[in-house]
Amino acid sequence: MQPDAAALPRGSRLGHAIGQNIGLILAGAILALAVAGFLLVYSIEQHRLPGNFELTSTVNNAIPLVFAAVGQSFVVLTRGIDLSVGGVVDLANALAAVTMGKSLGGALLWSAVILAVGAACGLVNGLLVAFGRLQPIVVTLATLSIYQGLAIRVLPAPGGAIPPAYTNLLVNPNAPWALVYIGLLVLAWAGFRRSRTGVDLYAIGNDEASARALGVNVLRTKIIAYMLDGALAAAAGLFLAASATAGDATTGNSYTLTSIVAVVLGGVSLFGGRGSAAGAIAGAFITTLIVNILFFSHVNPLYQSFYEGVFLIVAVVLGGAIGGAIRRRR
Amino acid sequence: MTAPAIAARGVSKSFGGVKALTGASIAVARGSVHALVGENGAGKSTLIKILGGRIAADEGSVETAGPSLRIGTVFQELTLLPYMTVAENLLLGREPRGRLGLIDRAAMPRLAEAELAGLGITHIDPRALAADISLAERQIIEIARVIMARPQVLLLDEATSALVEREVAWLFGQIRALRDAGVAIVFTSHRWGEITSIADEITIFRNGSDVGTFTTIGEDEAITLMTGQALETIFPARFAPSSGPVLLSLRGARAEGTAPLDLDLRAGEILGIGGLAGHGHRALFFGLFGAPGFREGRIEREGRPVRITAPWDAIRAGIALVPEDRKSEGLFLPLSVRDNFTLPILRQLSRFGILRLGAEHATVAESIRRLAVRTPSAQQPVGALSGGNQQKVLLGRWLLTRSRILLLYDVTRGVDVATKHEIYELIAGLAREGYAILFYSSDAEELAHLCHRVKVMRRGAFVAELPADALSAEAIVAAAMRESGQTETPHAA
């Protein structure tokens, strides 16, 4: 078939790339703004630019959320949502505090076990959603309570101990070594995106019925998404425990909502099928930087959540408007 | 006849107590094109799904020439994934692998481009998102994907519904090439001209079973078999438009992707809008309905300028739109026929904020009768009705809101012959009652027979106006295809 004389002109490759990654580009732009805002507030307040210490502490503060948000993005890409992230973070954190003891070797061994427990938590979610055909929001609301309850059972009062060597390995307080884990996460994501399961994940999020008709194994792919999500939430719990050098069975609760905030800021569509884990990582850093900016602006901590909420609405509204305008211009 | 490549024998299938198929049989030989024709609800789509292995038959069997026969199906409902690129859609499940066995995403657009070119498709960009290409292009990609899987049996369910003539010609070229290569092809369409031009055999379906298989059959005989009754003519008798007042005028109104448009629509006339898909009809119709509104120019309602920037403005101005995609643009599929009729007029049916059930019941019963909606009851969810009956409900709702100007946008797409006939009669009746009707159709035959005059659009502009005495499907197509440089505009508006 010859191109019709009236056929629309083809978009340039760059045009397509921009249009199809608009969420990620906007997330990067917001991240750049957040970094600039932080630099500004910090240098006004401290009369110098932030240095190695600030970089290290920002990365170490952000890293649990980075993992939780990447986990959340797997599920959101299938058009699901995981409210149990906070419960899994709690459970992993509590388990780490009671099991790790004093040696690094033991701690690493237990880390593997705890990641498996997180994956198992995700498996339960995945089975209920995929086979039970239940709404993800209902399933994970219930399992959030269950995992929180288990965490309290494991560690009734804050305490326990994390080996110092383990803390140094995961969240070294002297240099931003934790960036290595983020690098590995990005690499792993890039590989996943180019795997059968990765493509199927996007297909399901685009249109589950069509994906099934095209031979995508919907059940298997969804279960894998929830398991990866659970394992990554457990990793967030391990980083938290390493930072605090002790455990607290309620410290992870906030990650349910902050992981969703990070995913949204990172340009992952809550309607599924659009966005990427790279965006979720940017979203996690934005969320962390906003907290830092509010801290250095001497905002009363009681009002912190107020400003976080305002920021989220402004960012999402502006992002939607800019993204829409760019798409229409093409 | 040699052993068939695929055959259904005595197949029955029920969905929740409704019999979709009762003892249907067909046999399709290698290297032949077998058309299934029948009204909507006759069981064609169900049989295609059973042949393709998508659903299992309750009774009867499907026999294939070999156990590992490759069967490809183009479904009536498009299955492209909207926020994935054309290339990702085409190559889903067989992506090229690069280093470490990972999918080579960079190579996919080039590979898809080459494969599309192999099928003679050069106008669709494999890097575009499926959501960003036109409906016709999506249907072509859907067909291309199935052909690329090298099927030995190809099942096409209403594969031409979104295609214009040139694209249908492309598809038929592909079908002939596949047939000559020994592929067994099953094909459904509501367009009779397509069926006779491509089919080697025609099986007619009525009420869930096959009522006859022919190598040649006339349209009248086929329609009689399909409907169980002779339809004198599909189209209503012509009648002169009442020379009523101009209800709606456009002056230099420009929508996204169109030129400034001028148009006068009178009460009592059916003004057709023709042309190839993608030449601005949709922008015109949705512009008049405020979704989104025109960017510049004037709209006049009986001589008075009106602003239409949102559907609400259009509804207040008495302008109603019935789009071709009723599923996403008009009806509430899970709600009942009754609710779909009365939702916009609940206030009129209420007293002191409380719904008068008697009045609602009477209104709905009258609408069902007036529009001849075939539904078991007013409580039936609209989603369970056939496409044509869904269109009637949507049209009936607008009639209840006392809209005088009806924008009918390809309303008979995918609707069976008998229901089409009813819709034509309904439209003609409404025009006689003094409604002003703007009618777009992708079917030039329909425009030529139903409309009082037809304006043809090309590249977003009106390029010709054909009055009643110059109306024919050929004239409309010719005007639509003519290069604008050599346009000789008969009876310019």
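Scoring rules and cut-offs
- Residues numbered from 1 in each chain as written.
- Chains lettered and ligands numbered in written order.
- Predicted model: local features only at pLDDT ≥ 70, side-chain atom pairs only at ≥ 80, totals over all residues.
- Helix = DSSP H or I, 4+ residues; strand = E, 2+ residues; numbered from the N terminus.
- Rg over C-alpha atoms; globule rule 2.2 N^0.38 Å.
- Buried ≥ 20, exposed ≤ 12 C-beta atoms within 10 Å, placed from the backbone.
- Contact = placed C-beta atoms within 7 Å.
- Pairing = 2+ DSSP bridges.
- Axes fitted to C-alpha atoms, helices over the stretch in contact; angles between N-to-C directions.
- Nonpolar A, V, L, I, M, F, W, Y, C, P; charged D, E, K, R; others polar.
- Domains from an automatic or database assignment.
- pLDDT = per-residue confidence, 0-100.
- Left-handed = near helix turned anticlockwise from the far one by under 90°.
- Expected span 1.5 Å × (residues − 1).
- Core = buried A, V, L, I, M, F, W, Y, C linked by C-beta atoms within 7 Å.

### Structural notes on the overall build of chain B
For step 1, the next point in the chain: The secondary structure content of chain B amounts to 15 helices and 21 strands.
For step 2, the next point in the chain: On C-alpha atoms alone, chain B measures out to a radius of gyration of 24 Å, which is about the 23 Å that the 2.2 N^0.38 rule sets for 493 residues.
For step 3, the next point in the chain: When the backbone C-alpha atoms are referred to their principal axes, chain B occupies close to 70 × 55 × 50 Å.
For step 4, the next point in the chain: A buried classification covers 48% of the 493 residues belonging to chain B.

### A word on the overall build of chain A
For step 1, the next point in the chain: Counting its secondary structure elements, chain A contains 14 helices and zero strands.
For step 2, the next point in the chain: When the helices and strands of chain A are read in sequence order from the N terminus, they spell out α-α-α-α-α-α-α-α-α-α-α-α-α-α.
For step 3, the next point in the chain: A globule of 330 residues ought to have a C-alpha radius of gyration of about 20 Å, and chain A, at 21 Å, matches this closely.
For step 4, the next point in the chain: Expressed along its principal axes, the backbone C-alpha trace of chain A runs to roughly 75 × 55 × 35 Å.
For step 5, the next point in the chain: A burial count over chain A gives 47% of its 330 residues as buried.
For step 6, the next point in the chain: Taking as baseline every contact in chain A between residues at least 6 positions apart, the subset at least 24 positions apart corresponds to 81%.

### Some remarks on the sheet that holds strand β11 (residues 261-266) of chain B
All names here are of chain B.
For step 1, the next point in the chain: On the basis of which strands lie adjacent, the open sheet formed by four strands has the order β11-β10-β13-β14 and antiparallel pairing. The open sheet has two edge strands, β11 and β14 (304-306), and neither has a second partner. Geometrically, the sheet is characterised by an average inter-axis angle of 20 degrees between neighbouring strands, direction not taken into account.
For step 2, the next point in the chain: Sheet topology note: the strand β10 (residues 246-254)/β11 ladder contains five bridges and is antiparallel. Directly across from Val246, in β11, lies its bridge partner Arg266.

### Points about the sheet that holds strand β5 (residues 71-74) of chain B
All names here are of chain B.
For step 1, the next point in the chain: Read across the open sheet, the six strands follow the order β5-β6-β7-β3-β8-β9; overall the sheet is mixed. Two strands lie at the open edges of the sheet, namely β5 and β9 (209-214), each paired on one side alone. Direction aside, the axes of adjacent strands within the sheet are offset by 20 degrees on average.
For step 2, the next point in the chain: Bridge count for β5 against strand β6 (residues 153-157) is four bridges, and the pairing is parallel. When the sheet's bridge partners are listed, Thr73 is paired in β6 with Leu155.
For step 3, the next point in the chain: Packing against the sheet, helix α4 (residues 135-148) makes contact with β5 and β6, and its axis sits at approximately 180 degrees to β5.

### A word on the interface of chain A and chain B
How big an interface is tends to be stated in terms of the accessible area lost upon association of its parts.
For step 1, the next point in the chain: Taken together, the contacts link 25 residues of chain A with 25 residues of chain B.
For step 2, the next point in the chain: Of all the secondary-structure elements, those providing two or more residues to the side of chain A that touches chain B are α1 (13-20), α9 (196-206) and α10 (208-213) of chain A.
For step 3, the next point in the chain: Broken down by class, the residue content of the side of chain A that touches chain B amounts to 10 nonpolar, nine polar and six charged.

### Quick notes on the domain arrangement of chain B
Residue and element names in this part refer to chain B.
For step 1, the next point in the chain: The domain boundaries assigned to chain B delineate domain 1 (6-227) and domain 2 (246-486).
For step 2, the next point in the chain: Look at where the C-alpha atoms of domain 1 and domain 2 centre, and you get two points 30 Å apart.
For step 3, the next point in the chain: The partner domain 2 presents 15 residues to the 13 residues of domain 1 that form the contact.
For step 4, the next point in the chain: Among the elements that take part in the side of domain 1 that touches domain 2, helix α7 (residues 219-227) stands out by supplying three residues, more than any other.

### Let's talk about the confidence of the model for chain A
For step 1, the next point in the chain: Looking at chain A as a whole, the pLDDT averages 90, with 95% of positions reaching at least 70.
For step 2, the next point in the chain: Between residues 2-9 of chain A, whose pLDDT stays under 50, and residues either more than four places distant or in other chains, the model counts six contacts.

### Concerning the packing of helix α12 (residues 255-265) of chain A against helix α13 (residues 277-296) of chain A
Residues and elements named next belong to chain A.
For step 1, the next point in the chain: Here α12 crosses α13 at 115 degrees, and the two axes come no closer than 7 Å. By crossing handedness, the relation of α12 to α13 is classed as right-handed. Taken together, the residues of α13 that come into contact with α12 (itself represented by Thr258, Val261, Ala262, Val263, Val264 and Leu265) are Ala280, Gly283, Ala284, Ile286 and Thr287.
For step 2, the next point in the chain: Classifying every residue of the contact of α12 with α13 by side-chain character gives eight nonpolar, three polar and no charged.

### A look at the environment of Asp229 of chain A
For step 1, the next point in the chain: Secondary-structure assignment places Asp229 of chain A in helix α11 (residues 218-244).
For step 2, the next point in the chain: Not counting residues within four places of it along the chain, the set of residues in contact with Asp229 of chain A comprises Gly71, Gln72, Phe74, Val75, Asp82 and Gly122 of chain A.

### Side note on the pairing of strand β19 (residues 436-440) of chain B
Residue and element names in this part refer to chain B.
For step 1, the next point in the chain: Among the five residues in β19, five count as buried, and that is most of the element.
For step 2, the next point in the chain: Side chains Ala436, Leu438 and Tyr440 project from β19 onto one buried face, and the interleaved Ile437 and Phe439 project onto a second face that is buried too.
For step 3, the next point in the chain: Of the pairings in the sheet, the one linking strand β12 (residues 270-274) to β19 comprises four bridges and is parallel in character. Of the residues in β19, the one forming a bridge with Ile270 is Ile437.
For step 4, the next point in the chain: As paired strands, strand β18 (residues 405-409) and β19 are joined by five bridges and run parallel to one another. Bridge pairing in β19 links Leu408 to Phe439.

### With respect to unusual backbone geometry
Residues and elements named next belong to chain B.
For step 1, the next point in the chain: Residue Pro292 is reached from Ala291 by a cis peptide bond, and omega for that bond is -5 degrees.
For step 2, the next point in the chain: Tracing the chain through its elements places Pro292 in the loop between α8 (281-288) and β13 (296-301).
For step 3, the next point in the chain: Look at Phe352: it is not a glycine, yet its phi comes out positive at around 55 degrees.
For step 4, the next point in the chain: As for its position among the elements, Phe352 is in the loop between β16 (350-351) and β17 (354-355).

### Topic: helix α13 (residues 417-432) of chain B
Residues and elements named next belong to chain B.
For step 1, the next point in the chain: The end-to-end C-alpha separation of α13 is 23 Å, in line with the 22 Å expected for 16 residues at 1.5 Å each.
For step 2, the next point in the chain: Listed as buried for α13 are Val417, Thr419, Lys420, His421, Ile423, Ile427 and Ala431.
For step 3, the next point in the chain: Gly434 lies just past α13 and shows a positive phi near 105 degrees.

### So, the confidence of the model for chain B
Residue and element names in this part refer to chain B.
For step 1, the next point in the chain: Mean pLDDT over chain B stands at 86; residues scoring 70 or higher make up 94%.
For step 2, the next point in the chain: Of the regions scoring below 50 in pLDDT, residues 484-493 engages in 17 contacts with residues more than four places distant in sequence or in other chains.
For step 3, the next point in the chain: Interface confidence for the predicted complex, given as ipTM, is 0.86, next to a pTM of 0.75.

### Topic: α12 of chain A
For step 1, the next point in the chain: Across the 11 residues that make up α12 of chain A, a large majority, 10, are buried.
For step 2, the next point in the chain: One or two positions beyond α12 of chain A, positive phi appears at Gly267 of chain A, with a value near 85 degrees.

### Thoughts on the nonpolar core
The nonpolar side chains of a soluble globular protein tend to be buried, and buried together.
For step 1, the next point in the chain: Counting 243 residues, the largest nonpolar core has Leu407 and Ile437 of chain B as the members making the most contacts within it.
For step 2, the next point in the chain: Of the residues forming this core, the biggest block, 16 residues, is contributed by α11 of chain A.
For step 3, the next point in the chain: Inspection of this core shows a minimum of three residues originating in each of domain 1 (6-227) and domain 2 (246-486) of chain B.
For step 4, the next point in the chain: Ile437 of chain B has contacts with Ile270, Leu271, Leu406, Leu408, Ile427, Leu430 and Ala431 of chain B, leaving out every residue within four places of it along the chain.

### With respect to the environment of Ala20 of chain B
All names here are of chain B.
For step 1, the next point in the chain: Secondary-structure assignment places Ala20 in strand β2 (residues 18-28).
For step 2, the next point in the chain: Separated by 370 residues in the primary sequence, Ala20 and Gln390 place their C-alpha atoms 18 Å from one another.
For step 3, the next point in the chain: Apart from residues lying up to four places away in sequence, Ala20 is in contact with Lys13, Ser14, Phe15, Gly43, Thr46 and Gly208.

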